[in-house]
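For reference, the chains in residue letters:
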Amino acid sequence: RPSDAEGVTNAAWIDHRKQSGIRLGRGASGVTLENVALNMRSFGHGIFLQDGVSNITIRDTVVLGDTLAFSDEVIAHPVYQQWGFATYREMIPAGIRLSRHEDGVRVYTNPNHATNGWPQYVHNLTVTRTRVERMRDAFATGDMTGALRVTDSQSFENETGFTPSQFASENTFLRNRGDALHGPLVLFRRSASNVVLEAELAGSAAPVGEWPIALISGTGHQITLARTAPAGLYPETSRIVLARHWREWRHRPSVDLDAPASGNVAAPASGIHLVNRTGQPVVF
C-alpha cells in the first residue's frame, strides 16, 4: 500500500510486525549470554542489543536462520509485481538468495539523542566462538562505542559477515572465518579507525550472485585475509575493494559493482596494512 512510514511514499509497504529472538535492553550491564542455540523462524533479529546496554559477552552460541528465499519467487509475488520495486524503490536482482530474517547479532544505536536521558550507544561487546548462518547481516555491529571484540567466530550463508564499528575505540576481530556466498565476508559499512581484523575465506559452494569478498575503508587498519576455500571456487570478480562504499541492492542498486552510482561512492581509506592471502584481486 502507499505509505509515508519512515518517509517512504508511493512504494510497496507491508507492516511486518517484527518478531526477534533475544533482546538485551535498558539496564542490562555485565550480562553474559552463552551456550545458546537460537533457531530463527520469524522475521526479526536473532540477538539484538539496544538502549545503551554495556559490557555484554556472547559466547559459545549459534544463531541459525531458516532456508534462504529465492529472489525470483519474491519478484513473482503479486505485491512486487504491482509496484516493480521494493520499499525504497530499489529493484530486487533476479537469481540471488535472500535471508528470511534480519541480523544474527545486531547493535541498535541512535547517535542523535538519548531517550529520557538514557544513553543510546551500546558500549563494550565481546563475541567469542559464535556462529551465525542464513541471516541478513551476521554481526551487525557498526554503531557502538567502547571495545568491540569478535574472536573465533563464524559467518556462513549470510548476506554480510563481519562489520567493524565506526565509533568504537577498539575494533578487534581475530581468528574469524566464513564465506561470501550471498554477500561480502567483511564490510566496513561506514569508515572506522585502527581496526585489527583477521578473516578466513572458507566454504565449499560457489557464490550465488556477484559479491565482493571485503569492502574496506577508514584509517590505520591491520587486516589479514586468508583462505581455506578451494581454488577456483570464487570467480575473479569476487574482489577485495578499498575506498568505495558498497552499492548493495537494498540502498544503492547497481548491476555492475564498479559502475558509477548516484551520490558519493568514494569511501576514503588511508594508512591501511592489508595482507591478502585469498588469491582474489584487490581493487583500489
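Residues numbered from 1 in each chain as written. Predicted model: local features only at pLDDT ≥ 70, side-chain atom pairs only at ≥ 80, totals over all residues. Heavy atoms only, no water.

Right, let's get into the overall build of the protein chain. For the protein chain, the helix and strand inventory stands at two helices and 24 strands. Within the protein chain, buried positions represent 48% of all 284 residues. Partitioning the contacts of the protein chain with sequence separation of at least 6, the portion at a separation of at least 24 is 69%. (Helix = DSSP H or I, 4+ residues; strand = E, 2+ residues; numbered from the N terminus. Buried < 20%, exposed > 50% of the residue type's maximum accessible area, 1.4 Å probe, protein only. Contact = heavy atoms within 4.5 Å.)

Next up on the list: the sheet that holds strand β22 (residues 269-270). Taking strand neighbours across the sheet as the criterion, the three strands line up as β16-β19-β22 in an open arrangement whose pairing is parallel. Sheet topology places β16 (192-193) and β22 at the edges, where each strand pairs with a single neighbour. Taken together, the two bridges between β16 and strand β19 (residues 218-219) define a ladder with parallel strand orientation. By the bridge assignment for β19, S193 is matched with T219. (Pairing = 2+ DSSP bridges.)

Along the polypeptide, E73 turns up in helix α1 (residues 71-75). It is 9.6 Å that separates the C-alpha atoms of E73 and G95, two residues lying 22 residues apart in sequence.

Relative to strand β5 (residues 54-64), strand β2 (residues 32-34) runs parallel, the two sharing three bridges. Residue T32 lies in a different strand from β5, and its bridge partner there is T57. In this structure, β5 lies alongside strand β9 (residues 123-133), joined through nine bridges in parallel fashion. Bridging from a neighbouring strand, T57 pairs with T126 of β9.

The next thing to look at is unusual backbone geometry. Although it is not a glycine, R129 sits at a positive phi angle of roughly 50 degrees. By secondary structure assignment, the location of R129 is in strand β9. In the Ramachandran plot, R175 falls in the positive-phi region, its phi being about 55 degrees despite a non-glycine side chain. Mapping R175 onto the fold places it in strand β14 (residues 170-178).

Let us look at the packing of aromatic side chains. Enumeration according to the criterion identifies five aromatic pairs in this entry. With centroids separated by 5.1 Å and ring planes inclined at 10 degrees, the aromatic side chains of F139 and F162 adopt a geometry described as stacked. Highlighted residues: F139 in strand β10 (residues 137-140) and F162 in strand β13 (residues 160-162), separated in sequence by 23 residues. Pairwise contacts between aromatic rings join F139, F162 and F173 into one cluster. Note that R106 overlies the ring of Y108, its terminal NZ or CZ placed 4.3 Å from the centroid. (Phe/Tyr/Trp six-rings, centres within 6.5 Å; stacked < 30°, edge-to-face > 60°. Lys NZ or Arg CZ within 6 Å of the ring centre and 35° of its normal.)

Coordinates in, geometry out; function isn't part of it.
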